[in-house]
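Listed here are the chains, written in short residue letters.
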Amino acid sequence: MRIIGGEARGRVVRLPAGSRIRPTADRVKESLFNILHSVEGSSFLDLFAGSGNVGLEALSRGARFATFVEKDIRLVRALRGSLVQLGFAARAEVIAADGERGLARLVQRGDRFDIIFTDPPYDQGLVLGTLAWPGMRKVLAENGVIVLQHSAREKPEGLQAQSWMVADQRRYGDTVLSFLKGTDFKSVPKTWE
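So, how was this worked out
- Residues numbered from 1 in each chain as written.
- Predicted model: local features only at pLDDT ≥ 70, side-chain atom pairs only at ≥ 80, totals over all residues.
- Heavy atoms only, no water.
- Helix = DSSP H or I, 4+ residues; strand = E, 2+ residues; numbered from the N terminus.
- Buried < 20%, exposed > 50% of the residue type's maximum accessible area, 1.4 Å probe, protein only.
- Areas by Shrake-Rupley, 256 points an atom, 1.4 Å probe, with all protein chains shown as cover.
- Pairing = 2+ DSSP bridges.
- Phe/Tyr/Trp six-rings, centres within 6.5 Å; stacked < 30°, edge-to-face > 60°.
- Arc of directions from axis to C-beta.
- Contact = heavy atoms within 4.5 Å.
- Axes fitted to C-alpha atoms, helices over the stretch in contact; angles between N-to-C directions.
- Parallel < 35°, antiparallel > 145°, perpendicular 65-115°, else oblique.
- Left-handed = near helix turned anticlockwise from the far one by under 90°.
- Nonpolar A, V, L, I, M, F, W, Y, C, P; charged D, E, K, R; others polar.

A.B. asks: Give me the lowdown on the overall build of the protein chain, citing residues and values where you can.
C.D. replies: Helix and strand content of the protein chain: six helices and seven strands. Its helices and strands taken in sequence order, the protein chain reads α-β-α-β-α-β-α-β-α-α-β-β-β from the N to the C terminus. Split into buried and exposed, the 193 residues of the protein chain put 51% on the buried side. By element, 48% of the accessible surface of the protein chain is carried by carbon and sulfur atoms, the whole surface being about 9000 Å².

A.B. asks: Help me get a handle on the pairing of strand β6 (residues 164-172), residues and values and all.
C.D. replies: Regular strands place their side chains on alternate faces of the sheet. In this sheet, strand β7 (residues 175-182) lies alongside β6 in antiparallel orientation, the contact comprising eight bridges. When the sheet's bridge partners are listed, Trp 164 is paired in β7 with Gly 182. Count of turn residues in the β6/β7 antiparallel hairpin: two residues, of which Gly 173 carries a positive phi of about 65 degrees.

A.B. asks: Can you explain the packing of aromatic side chains? Please cite residues and give values.
C.D. replies: Per the stated rule, a full pass over the model turns up two aromatic pairs. Ring plane angle 20 degrees and centroid distance 6.5 Å describe the contact between Phe 33 and Phe 44, whose orientation is recorded as stacked. With a gap of eleven residues between them, Phe 33 in helix α1 (residues 26-36) and Phe 44 in strand β1 (residues 43-47) connect regions that are remote in the sequence. Overall, Phe 33 belongs to the buried group, its relative accessible area being 3%.

A.B. asks: Please set out helix α4 (residues 99-109) residue by residue, giving values where relevant.
C.D. replies: Of all the positions in α4, only Gly 99, Gly 102, Leu 103 and Leu 106 are classed as buried. Around the axis of α4, the buried residues are gathered within 100 degrees of arc, so they sit on the same side. Counted as exposed and oriented over 90 degrees from the buried face of α4: Arg 101 and Gln 108. Close packing links the buried residues of α4 with β1, β2 (65-70), β3 (92-96), β4 (113-118) and α6 (135-139). Gly 110 sits one or two residues past α4 and shows a positive phi near 80 degrees.

A.B. asks: Give a detailed account of the packing of α1 against helix α2 (residues 53-60), specifying residues and quantitative values.
C.D. replies: Helix-helix packing is described using two parameters, namely the angle between the two axes and the distance between the axes. Between α1 and α2, the least distance of the axes is 11 Å, while the angle of their chain directions is 45 degrees. Between α1 and α2, the angle is such that the two are oblique. For α1 against α2, the interelement crossing comes out right-handed. Across from Lys 29, Leu 32 and Phe 33 in α1, the residues of α2 making contact are Asn 53, Val 54, Glu 57 and Ala 58. A class-by-class count of the residues in the contact of α1 with α2 yields four nonpolar, one polar and two charged.

See the structure below:
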């Protein structure tokens, strides 16, 4: 696994031995950042971070700050090591908690993010559940965007009922990226203009 763009382009991100995660493929990651156009100066939340592959890419491409939420302590240690190795430690934070508890901590602190990338485990019914967490809207900056990575088998139907609108959606084999914004937001996220 490697960083594919920005200041750390070509640098390798290491995983702990025996790790059983599903990192975001380079092709999907490249498409994600092309759709977002620029993350320069943004605040970025990588929820269900795993290796931190996507958040590290955001930092490499100029994100001002990235917060990673991951519950597996071996992955948390590896991610912290990657941040030091890549020189991003001063612009990042890793919260060792499951997604919902990590999000609650961010709400309590009043943190807000321009881009929230969430990649819950596939086929476990977490797609809509994650978006229904009360803290999700509270940590999304005005006109911010949520990027939900999910299996093509999981349809994020019912989002309108949860006050989310799918502004864009792209499929890459079994992987789908759904770009969401709150239905009460007045305009398309600045990153898409």
